Amino acid sequence: LGRMKPVIVVHGGAGRIFKEREEGCRAGTVRAALQGYMVLKKGGSAVDAVEEAVRSMEDDPHFNAGCGSVLNEKGEVEMDAIIMDGKNLDSGAVSAVKSIANPIKLARLVMEKTKHMLLTDQGAHLFARAMGTPEIPGEKLITERSRERWKKNLEPDSNPEEFQKDLGTVGAVAIDREGNVACATSTGGLSNKLIGRVGDTACIGSGGYADNHSGATSTTGHGESIMKVVLARLILYHMEQGMSPEVAADTALDYMKTRVGGLGGVIVVNKAGEWAARFSTKQMSWATAKDDELRYGIHAGEEHVQSLGEALVSASAGL
C-alpha cells in the first residue's frame, strides 16, 4: 500500500483582520502549520498534529482562543473546543471553560478518557481537575486588547456586531501517513456574548467533522449561522457526492450566505490529501503544509509559497 503524503491545513479565523494584526496572524498560522506538519513528518497521527497546531494558536494572543480570547458580557473568558478522529468518529469537546490555558487538550482528554463527547462549564472543570490539567487564573488569558474591546462594546451607542467581524476562531485539519484524518477547532466565542452562550465550535458537525471515508473540515465565522446549516458536515456531504474540497467548501459557504445570511470560512482536506482554504468573509488567515511546501495567505486570492526549509528558517525566530 502506498503510504499517504501527510497534509495539514490551519486557519486563524475568518472575518476582518485589522491591518496592524495581519503580520501576527500570518506568522501565528504559519507557525501552527509547521508545528503540526513536523508531528506528521515524524510519523505522528493526524489527531496529534491538529491538537499541536491548535495548541500553538491557543498560546498566541493574536487569536480568539486560549490566551487572547474575547470576553463575555460579564468580562470573563468562556472558551469552546472540539477534536475529532476520522478513523472511528470519536470526538471530544468542551464548552464554556474558563481557567484552562489549552481547551483543545481538555477536549482530547474528553475524547480519550470518557464515554462522553461534550463536557461543559463546571463539569468540564471537575474533569480537568481529575485529569490533573493545570488551571490558570482567568485574568492570565485576558489581553489588553480583549478588555478594551469589551469596554467599547459596553458603551450605549456601541455596535458589538461591528467588532464580531474580527473573530479569530482557530482550527486545523490533517491527514497522516496511514490515511487517517482529524480536525480540531478552538475559540473564545463572540465578544460580549451572553453568559453560557455556546457557538458552533463545540458542536460536532458544525465546528468541525472528520471521517476517513470522506475527509475533515474545521470552520470559523458566525457561529449561529454555522450551526443552522451544520456547515462542517455539509461540506463532507458535498465531497461524498463527488465534489472537490474547493467546490464543496464554496458550495456550502454560498448556501450559508444565501439561506441564512451568514459569513464564515473553512479549511478542508479530503481522503486523497487534496485540500482547500475558502472564506466568504473579507479575510481568513490560513496556512498549509504538503510535499515539504508551505502555502499561506489572508486575503482572497493571496497565496505565498515557501519550501519547508525556507519556512522553518523564517519561523525559527518564533518556533
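Please read all numbers here as calculations on a predicted model, not as lab measurements.

### Some words on the overall build of the chain
A count of helical and extended segments in the chain gives 10 helices and 13 strands. Pairs at least 24 residues apart make up 66% of the contacts formed inside the chain by residues separated by at least 6 positions. Total accessible area computed for the chain in this model is approximately 13,000 Å², and 53% of it derives from carbon and sulfur atoms.

### Comments concerning the pairing of strand E5 (residues 170-175)
Most of E5 is tucked away, with six of its six residues classed as buried. Pairing analysis gives five bridges linking strand E1 (residues 7-15) to E5, with the strands arranged antiparallel. Among the inter-strand pairings, Val9 is bridged to a residue of E5, identified as Val173. Where E5 hands over to strand E6 (residues 181-187), the hairpin turn is made up of five residues, of which Gly179 adopts a positive phi near 85 degrees.

### Concerning the UniProt feature "binding site: substrate" (unreviewed entry) in the chain
On the UniProt side, "binding site: substrate" (unreviewed entry) is annotated at positions that read Arg197, Val198, Gly199, Asp200, Thr220, Gly221, His222 and Gly223 here. Restricting the annotated residues just mentioned to those that line the largest cavity leaves Arg197, Gly199, Asp200, Gly221 and Gly223. Structurally, the position occupied by Arg197 is in the loop between E6 and strand E7 (208-211). A residue is classified by how much of its surface remains accessible, and Arg197, at 14% relative accessible area, is buried. If we skip the residues at most four places from it in the chain, Arg197 touches Glu78, Asp80, Gly189, Leu190, Gly223 and Glu224. Tracing the backbone shows Gly199 in the loop between E6 and E7.

### Description of the sheet that holds strand E4 (residues 118-120)
Within a sheet, neighbouring strands are paired by backbone hydrogen bonds and run either parallel or antiparallel to one another. One open sheet accounts for nine strands, arranged E4-E3-E2-E6-E5-E1-E11-E12-E13; its pairing is mixed. In this open sheet, the two edge strands, each paired with only one partner strand, are E4 and strand E13 (304-307). Geometrically, the sheet is characterised by an average inter-axis angle of 10 degrees between neighbouring strands, direction not taken into account. Its contacts with the sheet put helix H2 (residues 46-58) on E1, strand E2 (79-85), E5 and E6, and the angle it makes with E5 is roughly 160 degrees. Packed onto the sheet, helix H3 (residues 103-113) meets E2, strand E3 (90-97), E4 and E6 and runs at close to 135 degrees relative to E3.

### Here we look at the packing of helix H1 (residues 19-41) against helix H10 (residues 308-315)
The interhelical angle for the contact between H1 and H10, taken along N-to-C directions, is 130 degrees, at an axis separation of 11 Å. Relative to H10, the element H1 is oriented oblique. Once H1 is placed against H10, the crossing between them reads as left-handed. When H1 is examined against H10, the residues Leu34, Tyr37, Met38 and Lys41 are found in contact with a partner set consisting of Leu308, Ala311, Leu312 and Ala315. Considered class by class, the residues forming the contact of H1 with H10 number seven nonpolar, no polar and one charged.

### Re the UniProt feature "active site" (unreviewed entry) in the chain
Taking the UniProt record as the reference, the feature "active site" (unreviewed entry) is found at Thr169. Thr169 has contacts with His11, Gly12, Gly13, Asn64, Thr185, Ser186, Thr187, Thr201, Thr219 and Thr220, leaving out every residue within four places of it along the chain.

### Let's talk about empty space enclosed by the protein
As enumerated under the stated definition, the model contains three cavities of 30 Å³ or more in all. Looking at the largest cavity, its volume works out to about 90 Å³. Residue lining of the largest cavity: 13 residues in total, with Thr169, Thr187, Gly189, Arg197 and Asp200 positioned closest to the centre. When grouped by side-chain class, the residues that make up the lining of the largest cavity number two nonpolar, eight polar and three charged.

Reading guide: rules and limits
Residues numbered from 1 in each chain as written. Predicted model: local features only at pLDDT ≥ 70, side-chain atom pairs only at ≥ 80, totals over all residues. Heavy atoms only, no water. Helix = DSSP H or I, 4+ residues; strand = E, 2+ residues; numbered from the N terminus. Contact = heavy atoms within 4.5 Å. Areas by Shrake-Rupley, 256 points an atom, 1.4 Å probe, with all protein chains shown as cover. Buried < 20%, exposed > 50% of the residue type's maximum accessible area, 1.4 Å probe, protein only. Pairing = 2+ DSSP bridges. UniProt positions renumbered as here; feature names shortened; annotations may be inferred. 1 Å grid on protein atoms, 1.4 Å probe; cavity = no way out; pocket = protein on both sides within 12 Å on 5 of 7 lines; lining within 4 Å. Axes fitted to C-alpha atoms, helices over the stretch in contact; angles between N-to-C directions. Parallel < 35°, antiparallel > 145°, perpendicular 65-115°, else oblique. Left-handed = near helix turned anticlockwise from the far one by under 90°. Nonpolar A, V, L, I, M, F, W, Y, C, P; charged D, E, K, R; others polar. Points joined across faces, edges and corners; volume = space filled by probe spheres on them.

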